Amino acid sequence: MRHIAIIGSGPAGYYTAEAAQKAFGDEVRVDVFDCLPVPFGLIRSGVAPDHQSIKGVSRRYEKVALSDNVRFVGNVTIGQDVSIAELQELYDAVVLATGAPKDHELGIPGDDLANVFGSAAFVGWYNGHPQFAALNPDLSGKTAVVIGMGNVALDVARILAKTRAEFAGSDIVAHALEALEASQIERIVILGRRGPHQIMMTPKELGELGELERASPHVAPADLPAQEEDAILEPGLRKSVSHLRAFAATPEHIRAEKPIALEFVFMSAPRALIGNDKVEAIEVEKTRLVHGRAEGTGETETLPADLVVSCIGYRTAPIPGVPFDERAGRFANDEGRILPGLYCVGWARRGPTGTIGTNRPDGYSVVELIQADTESGALGATRKQGRAGFDALAAERNLDIVTFRDWKKIEEAEERAAREGAPREKFVDIEAMIRARG
Ligand SMILES: Cc1cc2nc3c(=O)[nH]c(=O)nc-3n(C[C@H](O)[C@H](O)[C@H](O)COP(=O)(O)OP(=O)(O)OC[C@H]3O[C@@H](n4cnc5c(N)ncnc54)[C@H](O)[C@@H]3O)c2cc1C
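We now turn to the structure provided with this report. (Residues numbered from 1 in each chain as written. Predicted model: local features only at pLDDT ≥ 70, side-chain atom pairs only at ≥ 80, totals over all residues. Heavy atoms only, no water.)

### Some words on the overall build of the protein chain
At step 1: For the protein chain, the helix and strand inventory stands at 16 helices and 19 strands.
At step 2: On C-alpha atoms alone, the protein chain measures out to a radius of gyration of 23 Å, which is about the 22 Å that the 2.2 N^0.38 rule sets for 438 residues.
At step 3: With respect to the three principal axes, the spread of C-alpha positions in the protein chain is 70 × 50 × 40 Å.
At step 4: When the 438 residues of the protein chain are sorted by exposure, 53% land in the buried category.
At step 5: Of the contacts formed within the protein chain by residues at least 6 apart in sequence, a portion of 74% connects residues at least 24 apart. (Helix = DSSP H or I, 4+ residues; strand = E, 2+ residues; numbered from the N terminus. Rg over C-alpha atoms; globule rule 2.2 N^0.38 Å. Buried < 20%, exposed > 50% of the residue type's maximum accessible area, 1.4 Å probe, protein only. Contact = heavy atoms within 4.5 Å.)

Okay, structure coming up:
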């Protein structure tokens, strides 16, 4: 029997569990740990609440989670409640699938002012992550600045722009829906250091900005490169740029029909946030591209900013005893191997890139490594106790473990509490989740 501990129940964790089942069949027992009492990582707390079809992938993970040889061990923080060394004593292989939950810091003067948030915090707020549910952003100002030109920036800008009616069918949490309904924001600036040809926005998500009820995207025609230069772009990016061209071509009188402007500001690097206690403005430096990199030109400009959300990437949270690559912001690893018997997968291995599906081959390849290391004897010959050993340790420490069956009860309670047309109303604090399991 092989005993595998997977830390993290997001896509990378469950694809790894699925791969382990396929590779070892009845000869494996997998425990999937999560610090939250609820599974699925960013599927629940990252993917936008108005993109429910994407969240449907969790049904696939549920099939794995409900099999006899896989179990969910929720409400246990590895590195705090139980150490990595203790897990390594109990399991043949320990796989870190902990994602990248920390915001990459802006690192400019004023980034500690009130109403300046990283996207992990802001997205966590509207998605009801217990760590960020109480964020309480102030939406009473006129201008929001979203820093970054990737899909997370698009999510944040779109969520800020939508009406209550446009959230029908979504699982946006009640506190965010109410705050957004009372929002006074009229201008949402999407700020990027580089130009239209360097955006990291996918066409479908960018196109959605053109279909909003009360907001219209603004792109200055002069910011766009000559159209023939689009020919060298890869097809997805070319399609995204064609959306920017369509936004730029929208006549002013059509744009003026909508009260919220979603304004793209290219070639502008944030240099400082300005304000007394709370942010009021952002100073940007105009840039030029040198070998694809943005270099400051020395020319600065100040834009009003009553709310700032930086969407500039994420870092993995270090765990005591696990080698960490500070520069890359993830566990130090060689294609997924960290130390003998210790592996990483998903965002914790490769950083915050790719789609949900990118984590699938990752999960399968880490199981291939485990297979190879088992066969080569690299994992040692000692028989590990696996689940039974962990259960004894959990009892000794008085850990309040949440099982997958418990989660299904929490889920049912969330579904019962849903407002009309919504799939669920999420619990946003850990105690409420635990109470809901009965
Ligand atoms: C805002 C946002 C929107 C996105 N939208 C899309 C989209 O529309 N489509 C798409 O394809 N992709 C999207 N993605 C990307 C997708 O969410 C990621 O590719 C995927 O979630 C990464 O999977 P993961 O398992 O590595 O990490 P995660 O999903 O982050 O899972 C990590 C899990 O580990 C747990 N954990 C962390 N530390 C510990 C610990 N010490 N002990 C126990 N448990 C721990 C966490 O609670 C979490 O459940 C989005 C990402 C973000 C941030």
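On we go from here.
### Comments concerning the site of the ligand
At step 1: Around the ligand, 28 residues are found, and the nearest of them are Ala-12, Asp-34, Leu-42, Trp-347 and Ile-356.
At step 2: The backbone of Pro-11 places a nitrogen or oxygen atom 3.4 Å from an oxygen atom of the ligand.
At step 3: Looking at the shell around the ligand, its residues break down into 15 nonpolar, 11 polar and 2 charged. (Near = heavy atom within 4 Å. Polar contact = N/O pair within 3.5 Å; in protein donor to acceptor, adjacent residues only side chain to side chain. Nonpolar A, V, L, I, M, F, W, Y, C, P; charged D, E, K, R; others polar.)

### Looking at unusual backbone geometry
At step 1: With a phi close to 90 degrees, Phe-40 is a non-glycine residue in the positive phi region.
At step 2: Residue position: Phe-40 is located in the loop between strand S2 (28–34) and helix H2 (42–45).
At step 3: Looking at Phe-40, the relative accessible area reads 5%, which means it is buried.
At step 4: One non-glycine residue, Asn-75, lies in the positive phi region at around 70 degrees.
At step 5: Along the chain, Asn-75 turns up in the loop between strand S3 (70–74) and helix H5 (84–90).
At step 6: By relative accessible area, Asn-75 is classed as buried at 17%.

### A closer look at the pairing of strand S13 (residues 293–304)
At step 1: As judged from the 9 bridges shared by strand S12 (residues 278–290) and S13, these two strands associate in the antiparallel manner. In the strand pairing of S13, Leu-289 is matched with Ala-294. (Pairing = 2+ DSSP bridges.)

### Considerations on the sheet that holds strand S11 (residues 268–276)
At step 1: Pairing is antiparallel across the open sheet formed by 3 strands, whose spatial order is S11-S12-S13. Either end of the sheet is taken by a strand with one partner, and the two such strands are S11 and S13. Strand after strand, the sheet turns through a mean of 20 degrees between neighbouring axes, direction not considered. (Axes fitted to C-alpha atoms, helices over the stretch in contact; angles between N-to-C directions.)

### A few points about the pairing of S12
At step 1: Two strands pair when backbone bridges link them, and S11 and S12 are joined in this way by 8 bridges, in the antiparallel orientation. Paired with Ala-269 across the two strands is Glu-285, which belongs to S12.
At step 2: Two successive antiparallel strands, S11 and S12, enclose a turn made up of 1 residue, where Asp-277 displays a positive phi of approximately 65 degrees.
At step 3: Following S12, the chain reverses through 2 residues before pairing antiparallel with S13; His-291 in that reversal takes a positive phi of roughly 50 degrees.

### A word on helix H13 (residues 359–375)
At step 1: The terminal C-alpha atoms of H13, which comprises 17 residues, lie 25 Å apart, in line with the 24 Å expected from a rise of 1.5 Å per residue.
At step 2: Within H13, the full set of buried residues consists of Asn-359, Asp-362, Gly-363, Val-366, Val-367, Leu-369, Ile-370 and Asp-373. For H13, the arc enclosing every buried residue in end-on projection is 150 degrees, short of the 170-degree limit, so these residues lie on one face. Among the exposed residues of H13, those pointing more than 90 degrees away from its buried face are Pro-361, Glu-368 and Glu-375.
At step 3: Structurally, H13 contributes buried residues whose contacts are with strand S1 (2–7), helix H1 (11–24), strand S4 (93–96), strand S18 (337–339), strand S19 (342–344) and helix H12 (347–350).
At step 4: Trailing H13 by a residue or two, Gly-377 shows a phi angle of about 85 degrees, which is positive. (Expected span 1.5 Å × (residues − 1). Arc of directions from axis to C-beta.)

### Focus: the sheet that holds strand S10 (residues 260–265)
At step 1: Within the open sheet, the 6 strands sit side by side as S6-S14-S7-S8-S10-S9. Their pairing is parallel. For this open sheet the edge positions go to strand S6 (116–118) and strand S9 (215–218), each flanked by a neighbour on one side alone. Between one strand and the next, the sheet's axes are offset by a mean angle of 20 degrees, whatever the strand orientation.
At step 2: With respect to the sheet, helix H6 (residues 119–126) is in contact with S6 and strand S14 (307–310), its orientation differing from that of S6 by roughly 90 degrees.

What is shown is where atoms sit, not what they do.
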